[in-house]
Amino acid sequence: MSEANPRRAGATATDEFSARQQEVDEARASEEGQEGRPYELRAATQGIFGELRADKAGLLAAIFLTIVLVGAVFAPWLAPQGPVEGNPSTASIDPIWAGGTWAHVLGTDAQGYDVLSRLMYGARTTLLIGFAVVLIAGLFGVTLGLIAGYRGGRTDRWLMRWVDVQVAFPGLLIALIMIAVLGPSKTSLIFVLSFNGWMVYARMTRGVVLAAKERPYVEAAEMVGCRPRRVMFVHILPNLTSSLVTLAVLEFARIILAEATLSFLGLGLQFPEVSLGVMANGGRDSFFSLPRLAIIPGVVITLIVLAVNFLASWLRVVFDPQEREKRFAAGATTAATTVEGAAT
Amino acid sequence: MGRYLSQRLGQGIVVILGVTTLVFVVTRMIGDPVNFILPLSASEEQRAALRGDLGFDRSILSQFGSFLRDAVRLDFGNSTYFRNEDALDVVMRFLPKTLQLAAAGMVMALLLSVPLGAIAALRPGGLLDKFLVTLSLIGLATPQFFLGQVILLLTSVKFNLVQFGDGPWTHLIFPALTLALPAIGRLTMVTRSAMIDELNSQYVKAARAKGVAARRIVGVHALRNAAIPFVTLFGWEVIRALAGYTLVVEAVFDWPGLGDLAILAIRERDFFLIQTIVFIVAIMVVLINIAIDVAYKIVDPRVKL
């Protein structure tokens, strides 16, 4: 906080840059005044949903994701038709905004399948793959990271060397080759994406463990005779929750993009399976005559990824008081904090 | 420095060995490649003969041994799809196109993201900052293939600029832009947050107090320090572009590069070609990783190699 106001009101602006800085300071001060109380207090007094209400982008993202999730999970009951239900007589019907009917709100594709229904079933598959990969890669990575950080020494060196080697792999290329070998199915997609994605968790966990290991409470736990496993999982692991949740959410977004990319290249899931990436791939065939078949899944993927990113930045603020203060101090928008995670 | 480099080279060799071993083992799990090479009508004797020719009838270990021996001499065997042409020659024919694409894209990313991030950091929370942050977020949330498709649709259909496949250098613009856009989104955000930190630091305050021109503070002092996180991420972007994203961009724009070749090789089960591609890409990745560390040293003299 004290860092945030390099120039107090009253200092004269000597150049363009500091004049702007002063404007920012003033704007910040007035904002603080209007709200009645500092921003970071809101979460403390109104709970995590109070924070969400304060964060408009986060709120919109949460609403959108809830709709997507409901549509995806309950697709078999909510979808107007099956994912591969239809025939050439219903092919290429225009969507409702281009003179179509309510029977096919988003129109139908070249095979006569209802686009909205496919979207719901597709999101179901894509989200399922995302959840499974985050779970598997997360469990594996966190466990290895815990062991490496806690054991140290030779174990640590070898495990981290393994991580280094795998991080240096050309990821997408290896994924394509592995999927070609294992055969295009949900299971092999989940396996390959987990294989390519566990290293982030291991690295982060190891870093947190190394920092936590020096703390007196860990020493105390060892002193009273806790087994290594208990120290790792009961005493050290809780330190990880906040960063781990944010990382998992950002990884979820990355997995969705990865699944879409693999399927787009034609090496992901195959007919009659449908995922958002499969739909994007289907859009390639009639790209110039029916561009909406590529645009609709593309937009949906983008919106989901964007919403997940906003949600991650909200979670980060909720879980991490330091982050909350930093955000307030920097006067940054909600989005700014998400990217460091997304970029790694 | 010398010790450091030899250490990194050793690590690089481990990476290259790891990747090639993995790919070797994995590709040997695909069904019989002979079935992809010969027509269905081929007799069992013909199949067996070809299998013997290509060495597929030997044990995996002995195949791997001879593969490594030949790889050291840069002999990766012949491509089965390209009518027995040397696999390395085929890769080298396609490689320049990908290098062009990646270089153009990464130069675009570098030239755009640094000024954009710095401008956004000048007034955090301002209108321009919000605009740039939103744009960056959309850029990095959009699947790359979709970005490419939208660009393709706009340029070729709406403005009738047909820029598809290989051609004069103007054909490079839109694929390179597609490759660059998500990187620009990520790098702009990184530059921005690093610059916000630097501009709030003590040394910037000191420089301002003694009356250093704003342009010099931002352009020389802050930018140089903000370059440290930037270098790492930029290196990552180059690696990811070369080892992954070019595949997507080349598929969308029909750009005849290494990515296109890789997909073809995977579809056609061309083992020798796949191995060569992975080997070459792994070498590039290792070299870029070393380049990142050297760039660190240049940007920040405190770093000891």
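Predicted model, so just to flag it, every value in this text is computed and none were measured. (Residues numbered from 1 in each chain as written. Chains lettered and ligands numbered in written order. Predicted model: local features only at pLDDT ≥ 70, side-chain atom pairs only at ≥ 80, totals over all residues.)

## As for the overall build of chain A
Keep this limit in mind: Starting at the N terminus, helices and strands are each numbered in turn, a helix being any DSSP run of H or I of at least four residues and a strand any DSSP run of E of at least two. In this scheme the burial state of a residue depends on its C-beta neighbours within 10 Å: 20 or more other such atoms mean buried, 12 or fewer mean exposed, and anything in between means partly exposed; the C-beta positions come from the backbone. Throughout, a pair of residues is in contact if the C-beta atoms placed from their backbones lie within 7 Å.
Scanning chain A from terminus to terminus reveals 16 helices and 0 strands. The buried share of chain A, taken over its 344 residues, is 46%. Intrachain contacts of chain A at a sequence separation of at least 6 include 67% that bridge at least 24 residues.

## Some words on the overall build of chain B
Helix and strand content of chain B: 12 helices and 0 strands. The order of helices and strands in chain B, counted from the N terminus, is α-α-α-α-α-α-α-α-α-α-α-α. By principal-axis analysis of the C-alpha atoms, chain B measures approximately 85 × 55 × 30 Å. Burial analysis of chain B (305 residues in total) assigns 42% to the buried set. At a minimum sequence separation of 6, the contacts of chain B that also span at least 24 residues come to 73%.

## Some points on helix 8 (residues 173-199) of chain B
Stated precisely, the cut-off is as follows: Fitting axes to the seven residues that end at a residue and to the seven that start at it, the angle between those axes gives the bend at that residue.
A bend of about 35° at B:Ala180 is the largest found in helix 8 of chain B, and the proline B:Pro182 appears one to four places after it. By the criterion of burial, helix 8 of chain B is predominantly enclosed, with 25 of the 27 residues buried.

## Some points on the interface of chain B and chain A
Where we set the bar: Ten residue types, Ala, Val, Leu, Ile, Met, Phe, Trp, Tyr, Cys and Pro, are classed as nonpolar, four, Asp, Glu, Lys and Arg, as charged, and the remainder, Gly among them, as polar.
Listed per partner, the contact involves 56 residues of chain B and 50 residues of chain A. Take the side of chain B that touches chain A: its biggest share by element is 9 residues, from helix 1 (residues 2-27) of chain B. Among the residues making up the side of chain B that touches chain A, the classes are represented as 40 nonpolar, 11 polar and 5 charged.

## As for the packing of helix 7 (residues 171-182) of chain A against helix 8 (residues 186-197) of chain A
All names here are of chain A. The cut-off we apply is this: The axes are straight lines fitted to the C-alpha atoms, using for helices just the contacting stretch, and the angles between their N-to-C directions are given from 0 to 180°. Each angle receives one of four descriptions, namely roughly parallel if under 35 degrees, roughly antiparallel if over 145, roughly perpendicular if within 65 to 115, and oblique otherwise. Crossings are classed by handedness, with left-handed meaning an anticlockwise turn of the near helix from the far one by less than a right angle and right-handed meaning a clockwise turn.
Closest axis-to-axis distance for the helix 7/helix 8 pair is 10 Å, and the angle between their directions is 150°. Relative to helix 8, the element helix 7 is oriented roughly antiparallel. Note that helix 7 runs across helix 8; the crossing there is right-handed. Of helix 8, the residues touching helix 7 (which contributes Gly-171, Ile-174, Ala-175, Met-178, Ile-179 and Leu-182) are Ser-188, Leu-189, Phe-191, Val-192 and Asn-196. Taken together, the residues of the contact of helix 7 with helix 8 sort by class into 8 nonpolar, 3 polar and no charged.

## Quick notes on the nonpolar core
Threshold: In this description, a nonpolar core means buried residues of the types Ala, Val, Leu, Ile, Met, Phe, Trp, Tyr and Cys, linked to one another by C-beta atoms lying within 7 Å.
Grouped together as the largest cluster of nonpolar side chains are 174 residues, with contacts concentrated most on A:Leu176, B:Ile277 and B:Val281. Residue contributions to this core peak at 19 residues, all from helix 10 (residues 214-253) of chain B.

## Overview of the confidence of the model for chain A
Residues and elements named next belong to chain A. The condition that has to hold: As a per-residue quantity, pLDDT reports the predictor's confidence and falls between 0 and 100.
Scored by pLDDT, chain A comes out at a mean of 77, with 76% of its residues at no less than 70. Confidence over residues 31-41 falls short of pLDDT 50; this stretch has 6 contacts with residues more than four positions distant or in other chains. Scored below 50 in pLDDT, residues 332-344 makes 42 contacts in the model with residues more than four places away or belonging to other chains.

## Describing the confidence of the model for chain B
Residue and element names in this part refer to chain B. Within chain B, residue pLDDT values average 83, and 92% of them lie at 70 or more. Looking across chain B, the model is least confident in helix 2 (residues 34-37), with a mean pLDDT of 66, and most confident in helix 5 (residues 87-122), with 91. Note on the complex model: pTM 0.80, ipTM 0.83.

## Digging into the packing of helix 6 (residues 153-167) of chain A against helix 9 (residues 199-213) of chain A
All names here are of chain A. Axis separation between helix 6 and helix 9 bottoms out at 10 Å; the angle between their running directions is 140°. If you check the angle between helix 6 and helix 9, you find them oblique. As helix 6 runs across helix 9, the sense of the crossing is left-handed. Contacts between helix 6 and helix 9 involve Val-163, Gln-166 and Val-167 from the former and Met-199, Ala-202 and Arg-203 from the latter. Per-class residue counts for the contact of helix 6 with helix 9 are 4 nonpolar, 1 polar and 1 charged.

## Structural notes on unusual backbone geometry
With a phi close to 55°, B:Asp254 is a non-glycine residue in the positive phi region. Tracing the backbone shows B:Asp254 in the loop between helix 10 and helix 11 (258-267).

## Focus: the environment of A:Arg157
With respect to the helices and strands, the residue A:Arg157 is situated in helix 6. Along the chain, A:Arg157 and A:Cys226 lie 69 residues apart, while their C-alpha atoms are 25 Å from each other.

## Regarding the environment of B:Leu179
Residues and elements named next belong to chain B. Tracing the backbone through its elements, the reader meets Leu-179 in helix 8. For Leu-179 and Ile-292, which are 113 residues apart along the polypeptide, the C-alpha to C-alpha distance reads 20 Å. Discounting residues that sit within four places of it in the chain, Leu-179 has contacts with Leu-101, Ala-102, Gly-105, Ala-241, Tyr-245, Thr-246 and Val-249.

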